[in-house]
Amino acid sequence: MASKRQIKLGLVPTGAGGPGNHNRWLDKDIPLDSSVNIDWYIDVARQAEEAKFDLIFIVDSQFITENSPPHYLNRLEPLTLLSGIATRTTHIGLVGTLTTSYNEPYNVARRLASLDLISRGRAGWNVVTSGDAGTAGNYGRDEHYDYDTRYGRALEHVEVSRGLWKSYRDGAFVRNRQTAEFLDKSKLHPLNHVGEHFRVVGPLNIERSPQGEPVIFQAGNSEQGRDLGARIGEGIFSHAASLEEGQDFYKDIKDRAKAYGRAAGDIVILPSTDIVVGDTDADARELERAYHFADHSFDQALAEFGRAFGWHDFRQYDLDAPFPAEALEYARSSFFTGAKRITDLAVERGFSLRQTIEHIRQPKNGPFVGSPETVANELIRWFDAYALDGFNVRLSHPANFTRFAKEVVPILQDKGYFRREYEDTTLRGNLGLKKVPNP
């Protein structure tokens, strides 16, 4: 018997290697130019679509240093990339990351609406506020926005974009050659928005897509981030280190959404997940450990460690002296929630800087590692426990993803937890989200 709820699956490709995976590009199954190779992206998107994944999820940021991981150093712009993938796929959703801190609503709304039409209703927007404080310097600002300003802009930015996506009512474009009527002018609406952060007249110069408007995703674990997700998010990109942590996050977001007058089913929560599949559970654990030590070194971890702290350089400190807790100040406009969690842990346990980094990078047994049957059962256990609505699967090593798609997904299907065929042609429809009305 099929489960009433169905697991949702997303794919997160990070090509040559993202944070903590500096050496992934050494895997011979990954093209050296994978992060800028459209053929590679199309190939993995097609694999995911063949396995009936809901979406492909493209992460992004707009600030790098020489210590950034390979994928960050050289990668394609999300919506340009997804437009290319759209023309070579038919059902899989296409979610791209765009910052509200350094983009204007009109431009974002138009670009996303274009992707939504090109893909015939498969576009999604991962709303971020830019955690890398250095991004400010690439956009003519001396300082990054503080947390409250970033999230205030984000909320208004999404509201304006949604207003622009309603510029035309359904059926506005008559396109009647007999009467020479192209547009029913009564169905065109300007926006005339004047707010704290944006002034936008409108209307937008593009019609609505089959799903009404792109699906809104949000990624943020701070109080402001969770609140924003509960208000505007339809998909939440999160992280869950344990089932209990996932349950707490799940309940918190759904409760916050209800407080804003939304239904729990209006949001799907899809944490980013590492999955390792082996012939046996022991074989998979060996593979997990091998990937861990092959993909990055202590020196790489030390150089990258400062990202959460506004790219503060921790190499200047004595590795064996007490952890420099005062460095938390550099994270005020960056990834402060994550930086504070690291700092609190180091201080509480009396760690040195070396011990802190070793603790973070030491091999940890992931929950979704084992034989195909073991992995499928654990995914189901978390799903049934309401720790999540699905999984954004990180594409670490291609051979491992192929095993997941060909060996684990069929087990989920046989147990009634995952679709065998797409039910809809739009991302919104496949995620079980309502089409946005356009009064």
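Residues numbered from 1 in each chain as written. Predicted model: local features only at pLDDT ≥ 70, side-chain atom pairs only at ≥ 80, totals over all residues. Heavy atoms only, no water.

A. Representation of the pairing of strand β9 (residues 215-218) in the model. Going residue by residue along β9, you find Val-215 and Phe-217 tucked away on one face and Ile-216 and Gln-218 tucked away on the opposite face as well. Sheet topology places strand β4 (residues 123-128) next to β9; four bridges connect them, and they run parallel. Bridging across to β9, Asn-126 finds its partner in Phe-217. Note: β9 against strand β10 (residues 235-238), two bridges, orientation parallel. Each bridged residue has a counterpart across the sheet, and for Phe-217 the counterpart in β10 is Gly-235. Where the polypeptide runs from β9 across helix α6 (residues 223-232) and back to β10, its parallel neighbour, the crossover connection is right-handed. (Buried < 20%, exposed > 50% of the residue type's maximum accessible area, 1.4 Å probe, protein only. Helix = DSSP H or I, 4+ residues; strand = E, 2+ residues; numbered from the N terminus. Pairing = 2+ DSSP bridges. Right-handed = clockwise from strand over helix to strand, strands pointing away.)

B. Representation of unusual backbone geometry within the structure. Omega for the bond connecting Gly-202 with Pro-203 falls within 30 degrees of zero, at 0°, which places this linkage in the cis form. Note on placement: Pro-203 falls in the loop between β8 (199-200) and β9. Phi at Arg-175 is positive, roughly 50°, even though this residue is not glycine. If you check the backbone angles, Ala-180 has positive phi at about 60° while not being a glycine. Examined against the element boundaries, Ala-180 turns out to sit in the loop between β5 (173-176) and β6 (181-183).

C. Broad picture of the nonpolar core. Core analysis: the biggest nonpolar cluster contains 89 residues, and Phe-53, Phe-309 and Phe-404 have the highest contact counts within it. Residues Phe-57, Val-59, Phe-237 and Leu-431 belong to the second largest nonpolar core, which totals 13 residues. (Core = buried A, V, L, I, M, F, W, Y, C linked by side-chain atoms within 4.5 Å.)

D. Fine view of the pairing of strand β1 (residues 8-13). By the criterion of burial, β1 is predominantly enclosed, with six of the six residues buried. Of the two faces of β1, the one holding Lys-8, Gly-10 and Val-12 and the one holding Leu-9, Leu-11 and Pro-13 are both buried throughout. Pairing geometry for β1 and strand β14 (residues 390-395), over six bridges, is parallel. By the bridge assignment, Leu-11 is partnered in β14 with Val-393. By the bridge criterion, two bridges tie β1 to strand β2 (residues 55-58) in an arrangement that is parallel. Along β2, the bridge assignment pairs Leu-11 with Ile-56. Between the parallel pair β1 and β2, the chain is carried across by helix α1 (residues 38-50), and the sense of this crossover is right-handed.

E. Highlighting helix α8 (residues 281-295). Counted at 1.5 Å a residue, the expected span for α8 with its 15 residues is 21 Å, and the 21 Å between its end C-alpha atoms agrees. Taken together, the buried positions of α8 are Ala-284, Glu-288, Tyr-291, His-292 and Asp-295. All buried residues of α8 fall inside an arc of 100° around its axis, so they share one side. Seen from the buried face of α8, the exposed residues on the opposite side, beyond 90 degrees, are Ala-282 and Glu-286. Turning to α8, the residues buried within the fold contact β12 (276-277), α9 (298-304), α11 (353-361), β13 (369-370) and α13 (398-414). (Expected span 1.5 Å × (residues − 1). Arc of directions from axis to C-beta. Contact = heavy atoms within 4.5 Å.)

F. Just the packing of aromatic side chains, in detail. Taken as a whole and assessed by the stated rule, the structure comprises 21 aromatic pairs. Between the aromatic rings of Trp-40 and Tyr-41, the centroid separation amounts to 5.2 Å while the plane-to-plane angle is 75°, which identifies the pairing as edge-to-face. Residue Trp-40 shares its accessibility class with Tyr-41, and that shared class is buried. For the ring pair Trp-125 and Trp-165, a centre distance of 6.3 Å and an interplane angle of 90° mean the geometry is edge-to-face. Of this pair, Trp-125 sits in strand β4 while Trp-165 sits in the loop between α5 (147-164) and β5, placing them 40 residues apart in sequence. For the residue pair Trp-125 and Trp-165, the accessibility class agrees, reading buried in each case. Of the aromatic side chains, those joined through ring pairs into one cluster are Phe-305, Phe-309, Phe-314, Tyr-317 and Phe-323. Just above the ring of Phe-383 sits the side chain of Arg-5; from NZ or CZ to the centre is 3.8 Å. We note Arg-141 situated over the ring of Tyr-145; from NZ or CZ to the ring centre the distance is 4.0 Å. (Phe/Tyr/Trp six-rings, centres within 6.5 Å; stacked < 30°, edge-to-face > 60°. Lys NZ or Arg CZ within 6 Å of the ring centre and 35° of its normal.)

G. Looking closely at the sheet that holds β10. The strand order around the closed barrel formed by eight strands is β1-β2-β3-β4-β9-β10-β11-β14, and the pairing between neighbours is parallel. Adjacent strand axes in the sheet meet at a mean angle of 25°, parallel and antiparallel pairs treated alike. Contacts between α5 and the sheet are confined to β4 and β9, with β4 contributing the most and set at about 155° to the helix. Sheet strands in contact with α6 are β9 and β10, and its direction is about 165° off that of β9. (Axes fitted to C-alpha atoms, helices over the stretch in contact; angles between N-to-C directions.)

H. Representation of the side chain of Gln-211 within the structure. Here Gln-211 shows up in the loop between β8 and β9. Given a relative accessible area of 1%, Gln-211 falls into the buried group. A distance of 3.0 Å separates a polar atom in the side chain of Gln-211 from the backbone oxygen of Ala-123. Ignoring sequence-local partners within four residues, the contact set of Gln-211 consists of Asp-116, Gly-121, Arg-122, Ala-123, Thr-426, Leu-427, Arg-428, Lys-435 and Val-436. (Polar contact = N/O pair within 3.5 Å; in protein donor to acceptor, adjacent residues only side chain to side chain.)

Read these as spatial facts, not as claims about activity.
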